Structure formats: C-alpha cells, structure tokens
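Summary of the model geometry
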Amino acid sequence: MESLSMVRLRLTLKQRYFLLLCFAVGAIIAYQFTRNRLEVERMSRVEGLRANSSQFTLERKPFHILGGSIHYFRVPRAYWEDRLLKMKACGLNTLTTYVPWNLHEPERGVFNFEDQLDLEAYLRLAASLGLWVILRPGPYICAEWDLGGLPSWLLRDQNMKLRTTYPGFTAAVNSFFNQLMKKVVPHQYSKGGPIIAVQVENEYGSFAKDEDYMPFIKEALLSRGITELLLTSDNREGLKRGGVKGALETINFQKLNPNDIKCLDGIQPNKPKLVMGLNSVKPLAGLRIMSPTYGGGKIQILKGAVDMIPVVTEILKLDMSINLYMFHGGTNFGFMSGAFAVGMPAPRPMVTSYDYDAPLSEAGDYTTKYHLLRNLFSHYHAQPLPELPSHQERRAYQPIVIHQHLSLWDSLHFTDKPLKSERPMNMENLPVNNNNGQSYGYTLYETTMTSKGTLNSKNNIRDRALVFVDKHFVGVLDYETQELPLPDGKGKRTLSLLVENCGRVNYGKTLDDQRKGLVGDIELNKRPLSDFIIRSLDMKPGFVNRLESSGHWMSMRQRPSFPGFFQARLYVNSFPKDTFIKLPGWSKGVVFINGKNLGRYWSIGPQQTLYVPGPWLHKGDNQVIVFEEQETDGKIQFASSPDYGMTVDVQ
C-alpha cells in the first residue's frame, strides 16, 4: 500500500509541474501580447519625428520636445522605473540617454548588455511609461565619464587617434556598433519603439580634428539600420564645425543668449530649434573637482532654481524644444568619474556624485527646481499631470566599527601574476585582462634602490603616487610635486610606487594622452630606475571577493598598516533603505558594499558622503570593505542626507 509521504511527494511534483506549465504559458502569452502590441503600433505609425519646417512634427502633427537626461548606467536598475515615473510626472515627454562604450565592451570583443547595462530593458521601460527616447550612442559621450566613455584598451595602440578616421579607431567603432545597433534598431519609432531621434557623436565641433569623421559616424548609423531623425549637439563655438549633412544641429548652453539662437538660425534657417543640453549646472562638468591645490577641493559651481526657471520659460516662449541635462544625474559608481583639464595646469578628478544640482537629486528626491519646472510644464499639457510618485525613504544607520584589516602588501597574492619589466609600463599596456590592459584603479610599481637621494617623476606619474621605501611611506608624487627626497639606508631596499588613475579627462583635445600609471622613466639622482615588478590593483569584483573570503584578515587589536583594506558589517534589521556613508576620520580611498564599488572618497572634498542605494543592501549582515590610503579612526558613519561641500552660484 502506497505510503502517505509518497502520495504527498507525488502531489507536490504534480503541483510544481502545474505551476511551471502555468508560468510557461503565461510567459508565452505575455510575449505574444507585447509582440502584437508593437506590431499594431508599428502598423499605425505613418511618420516619425521630422524637422522639415520651423517646428518639429510627429505623425505630421506639431510636436514639442520636453526632454530630460537620465543615464541608465548611473542609476541602480531597481530605481529606473521610479526615476522615469518622476520624469513623466514633471511633465516631460522625452528621455535622453548616452550609451557608455567602455562599460558595454570592457575588453575588445567582449560585450555586456545585461543587468545594469540592459539598454533594451531601459528602452522598453520608457516605452511602457509613454516616454519617447532620443538616443545618444556616441561612440564618444563626454558626460564627465572616464575618457568620455571610450574604452581604455584603445590606448594600447601607441599611435591611436581617438575620434578620427584613424583605422584602429574606426575598426573598433564598427565592431561596437555592429553589436549595439542590433539592440537599438528594433526600438525605433518606425518599428513600434520609443526612439524618435538618434544623435551623431557628441559635441564634435569642440574637437574637430578630422573632417571625414562625422560623415563616417553618420554612415555607421545609417548602414546598420538607423532610420529616425539624426541630430548633432554643440555649443555655439562648435556649431560651425560639429555638424554633418543630413543631421539637424542642436545647441547646448546654460544661459539664454539671443546671439546663440541667431547663430543656430543662420546655420540652418527655417528649422526647429532644440536646446539639446540646457545644463542644470555648468559644468559640474567643470569645477566640482577633487584637488588639494585648487580651492582646497571646496568649489562647486551650481545654478539655482530661481535662475534656471526664467531661462526655461523664455526657451518655451520662443517655441523651442528643450532637453534638461541632467534631469536626474545619479552617481559615478566605481572608478567611472572623469577629469577636467580645460584651462588648468593639470587634470583635476571629478567627484563620485553626479547629483548635478538636477531637478531630481542623486538619491531621486524632489527639489525646489523640480516643483517649479513641474508647474511650468503643466501649462504645456491639455491633461493634468500624473500624481507624484511617493518619496523614497532613507535611513541614517548607526555607526559601525571596523573589526578586521588587511595590509596592501598582504593582499598582493590575490592580484594577477606580476609583470617584470626593464622600464615602467603604463597600465593600459599591461598584459592583464586577456591582454586588454588595466583600465581603472591602482598600479603598484616596485624596484630596488641602493642609495639615498632625490626621486624625480619627470612628470611621468598619472595621476598620483604614494611612495614607500621598504613598505614605509615617505611621500606623495603628483602633477604639483615631482621631486621627493628619499631617506638614507643600508644595502638594497625596495622602492614602491602605488600609482592611482584618478580618472581620465573626458573633454578637450588631450584624449589621446590619457594613459595612466607610469608613462615614462622615473629618476633617482638623475638616473632612470629599471627592473620593475608591476602589479595591477584594478579592484574588480573578483579581487574583492577573493579578499573577503581569505583567511588573512587581522583583528583591529593589532595595529593596522597603510595602505590597507578594512572590513566591517552593517546589520540591517528591516527592509533596506537608501543611506549615505560618511568617513570623517578617514583620508582617501574606495568603498565597497556587498562587493559593489560605491566610488572614491577624499577628505579634501568637496564631497563628504557616498550614496548607498537601498537595493544594494539586504536584510541582515552587509559586508563593507574600505580601501584606505593613509589613516582611519576605525568607524564608518551614515547619514540620511548628502554633504556635497560648499556651493557657489553661477554669475
């Protein structure tokens, strides 16, 4: 006779089979529904966005672009919908986003369009919420992003000429576009998708090194199936050199100047006018930097809501279309923030936050600017605007105490095999990451020395080096400090330089010169040093996971050495909320939570907090690892609001 347990097991298996069958049928129905809906929309569409007169038309009816920029790669995927709903509720009808080549192709020929980088999911979400999309696929995007979004492995070619028709660059662009456009083309307006326009490159008029380049990019788009309206985007100075035949020119500015509009009109009369980049702040791009010599790192230039609203009002009165850059800035997670060099003696690294003084804050909060804009845009809609989505709760968790530490020197066996090299080698040309070089983080260069004397960097350090003799810290070399006296000692000693890539320049004409690490000889007593052992410390997830699981961690009862890794646990006893990390007793380094790189911090500011998205935490213990260069008080604090440092209004 069959036992009761066997009957239960058989029923359980049947139930599971039934549930799986229901799930499969539901998925097929949902797929067919989506497919049929897109097909119906495609069949019902006659004509996409056009610029054949002084006003845009969509389906041959006048259309006003009320746009805003939100970059999917700067916002945790769990919050994409929240941010886009808030955009919709503000009265905007069009989403604009860049596409970061460096994230989508981290190694040559290795492509990533999954999870946080699922561009198609982002486009589908926009469509489901009734937002049109203007896509800005680059390949160069600027965006205060490392190397303007170009992958660093391009710089392995010593003759590389970025943003030109140099064969090594065009071949790489073609390979990337082959993959990217497969994802993009099905989401165009003509195929039932939300994309109504595509931008050709980005602000090329400010670069303009090759007159054949823009036609090449335009053809690269068209030949791969892009059929929607093409745009270019430049400031006034770049308009005359940044356009390409067959693409509508648009303009970027922060303050409305009638002469800018006249200039645009003169170049393309009787065409609709689009302010593609009305900057919320100009530029956080520019002076929201970390620098010990430039204003103590305390300067940001912001544009207040009271000043911005009259500009937007006047633009709309002139019947011009608009894109707010940024509507929501988000965060430069990891090592992705760029650097600013225009008009400065040396590059200055950008901060981790990309709050941008935007209408939606870094954490997605409504601002005064948001509410004023919503009131303004409401007058351009026949129907009432949607209700405001609820506010995201935040929490200032209780401070936590570091319980373990691991010195840099003890972590080295978790790195890739070191390279022996007669001369220094820049990080991009190191034989790591499947011969794609090192892109981000730190690189350790070690050699032997037999005498005291003066170390001279010959300005070959990119960007900042901590110098050690026999693992004892002796000083810092950077753009400002290029000589350092070394202490006396007996016999052979180990000289170590931990060189940080603080972020590659993202704008200007020095893109080809953004190799990092040691880019040339270092001299001791006017003689070049040689016979280096070089280790890559890019701090990718695999390395951080190996650190976490190692048994080499030491208790804080034993005095830590620097640089080092410091570990703590954040216990969350309820549903995780957004928070901000504060490190007032620390100096400079990087923070990881549950293996995710939150970004860089530096006590000089201006930024004093790092954003921690709630979805990156979980109930229970959360692992926090901090890489710190020089000092710690052993505590990690949390806040419910950010601290971005001092602000200065634009004049």
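Residues numbered from 1 in each chain as written. Predicted model: local features only at pLDDT ≥ 70, side-chain atom pairs only at ≥ 80, totals over all residues. Heavy atoms only, no water.

Quick look at the overall build of the protein chain
Note the following rule: Helix numbering and strand numbering both begin at the N terminus, where a helix is a DSSP run of H or I of at least 4 residues and a strand a DSSP run of E of at least 2. For each residue, the accessible area found with a 1.4 Å probe, counting protein chains only, is set against the maximum for its type, and the residue is called buried under 20%, exposed over 50%, and partly exposed in between. The criterion used for residue contact is that any of the two residues' heavy atoms lie within 4.5 Å. In these tables, accessible area is a Shrake-Rupley quantity obtained with a 1.4 Å probe, and a residue counts as shielded only by the protein chains included in the view.
From N to C terminus, the protein chain includes 13 helices and 36 strands. For the protein chain, with 651 residues in total, the buried portion stands at 58%. Contacts spanning at least 24 positions in sequence make up 78% of the contacts within the protein chain whose residues lie at least 6 apart. Surface exposure of the protein chain reaches about 27,100 Å², of which carbon and sulfur atoms provide 53%.

What to know about helix H6 (residues 213-222)
The element H6 is largely enclosed, with a buried count of seven among its ten residues. Inspection of H6 places Tyr213, Met214, Phe216, Ile217, Lys218, Ala220 and Leu221 among the buried residues, and these make up the whole buried set. If you follow the buried residues of H6, they end up packed against helix H5 (167-184), strand S6 (195-199), strand S7 (229-234) and helix H7 (239-242).

Here we look at the sheet that holds strand S25 (residues 523-524)
For clarity, the threshold we go by: Whether two strands pair depends on DSSP finding at least two bridges between them.
Judged by pairing direction, the sheet is antiparallel, and its four strands sit side by side in the order S22-S18-S25-S26 without closing on themselves. A strand with exactly one partner marks an edge of an open sheet, and here the two such strands are strand S22 (483-486) and strand S26 (527-528). Note that S25 and S26 share two bridges and pair antiparallel. Across the sheet, residue leucine 524 finds its bridge partner in S26, namely arginine 527.

Observations concerning the packing of H5 against H6
Quick note on the threshold: Structural elements are reduced to axes, namely lines fitted to C-alpha atoms, with helices fitted over the stretch in contact, and the angle between N-to-C directions of any two is expressed from 0 to 180 degrees. Throughout, the term roughly parallel applies to angles under 35 degrees, roughly antiparallel to angles over 145, roughly perpendicular to angles from 65 to 115, and oblique to all others. What makes a crossing left-handed is the near helix being turned counterclockwise from the far one by less than a right angle; a clockwise turn instead makes it right-handed. Residue classes follow a fixed rule: Ala, Val, Leu, Ile, Met, Phe, Trp, Tyr, Cys and Pro count as nonpolar, while Asp, Glu, Lys and Arg count as charged, and any other residue, Gly among them, counts as polar.
Where H5 meets H6, the closest approach of the two axes is 10 Å, and the angle between their N-to-C directions is 25°. On the basis of their axis angle, the class for H5 and H6 is roughly parallel. For the pair H5 and H6, the crossing hand works out as right-handed. Residue-level inspection shows Phe169, Thr170, Val173, Asn174, Phe177 and Met181 of H5 in contact with H6, the latter providing Tyr213, Phe216, Ile217, Ala220 and Leu221. Residue classes in the contact of H5 with H6 are distributed as nine nonpolar, two polar and no charged.

With respect to the nonpolar core
Just so we agree on the cut-off: Buried residues of nine kinds, namely Ala, Val, Leu, Ile, Met, Phe, Trp, Tyr and Cys, make up a nonpolar core once their side-chain atoms join them within 4.5 Å.
Residues Phe169, Leu278, Val312, Leu324 and Ile636 are the most contacted members of the largest nonpolar core, which totals 147 residues. Take this core: its biggest share by element is eight residues, from H5. In this structure, isoleucine 636 is in contact with Pro399, Ile400, Ile402, Ala568, Ile581, Lys582, Leu583, Trp586, Val624 and Val626, ignoring residues within four places of it in sequence. Within the second largest apolar cluster, 23 residues are counted, among which are Leu419, Ile461, Leu529 and Phe532.

Considering the sheet that holds strand S14 (residues 400-401)
Taken in spatial order, the four strands line up as S14-S35-S30-S33 in an open sheet, and their pairing is antiparallel. Among the strands making up the open sheet, the edge pair consists of S14 and strand S33 (609-612). Two strands pair when backbone bridges link them, and strand S30 (residues 579-582) and strand S35 (residues 635-639) are joined in this way by three bridges, in the antiparallel orientation. Looking at S35, one finds that phenylalanine 580 is bridged to alanine 639.

A closer look at the packing of aromatic side chains
Counted only if it meets this: Pairing of aromatic rings covers Phe, Tyr and Trp, the last counted by its six-membered ring, and requires centre-to-centre distances within 6.5 Å; plane angles under 30 degrees mean stacked, over 60 mean edge-to-face, and any other angle means tilted.
For the structure on display, the rule yields 29 aromatic pairs. Summarising the aromatic geometry, the rings of tryptophan 101 and tryptophan 153 are spaced 6.1 Å apart at their centres and angled 90° between planes, so their arrangement reads as edge-to-face. Linking tryptophan 101 in helix H3 (residues 101-104) with tryptophan 153 in the loop between strand S5 (132-136) and H5, this pair joins segments that are 52 residues apart in sequence. With relative accessibility at 0%, the residue tryptophan 101 sits in the buried group. The class for tryptophan 153 is buried, based on a relative accessible area of 3%. Ring centres of tryptophan 101 and phenylalanine 176 lie 5.2 Å apart, and the angle between their planes is 10°; on these two criteria the pair is classed as stacked.

Structural notes on helix H13 (residues 541-549)
The following threshold applies: By definition, the arc is the one covered by directions from the helix axis to the C-beta atoms.
Buried residues of H13: Phe543, Val544 and Leu547, and no others. For H13, the arc enclosing every buried residue in end-on projection is 100°, short of the 170-degree limit, so these residues lie on one face. Exposed residues on H13 whose side chains face more than 90 degrees from its buried face are Pro541 and Ser549. Those residues of H13 that are buried lie in contact with strand S15 (404-407), helix H12 (408-411), strand S27 (532-537), strand S29 (564-572), strand S31 (588-593) and strand S34 (620-628).

Looking at the layout of surface pockets
Worth spelling out the cut-off: Points on a 1 Å grid over protein atoms alone make up a cavity when a 1.4 Å probe fits among them but cannot get out, and a pocket when they form an open set with protein on both sides within 12 Å along at least five of seven lines; lining residues each have an atom within 4 Å of a point. Grid points are joined across faces, edges and corners, and a volume is the space filled by probe spheres set on the points.
One number sums up the size of the largest pocket: a volume of about 1,200 Å³. Considering the residues around the largest pocket, the lining is formed by 39 residues, among which Leu103, Asn112, Leu117, Met336 and Pro541 are closest to the centre. Elements that contribute at least two residues to the lining of the largest pocket include exactly H3 and strand S32 (596-602). By residue class, the composition of the lining of the largest pocket is 19 nonpolar, twelve polar and eight charged.

Here we look at empty space enclosed by the protein
A water-sized probe, rolled over the atoms, reveals where empty space remains. Counted under the stated rule, the structure contains three cavities of 30 Å³ or more. The computed volume of the second largest cavity comes to approximately 40 Å³. Taken together, Ser54, Gln55, Phe56, Phe63, His64, Pro272, Lys273, Asp319 and Ser321 make up the full set of residues lining the second largest cavity. Each residue belonging to the lining of the second largest cavity can be placed in one class, and the counts come to three nonpolar, four polar and two charged.

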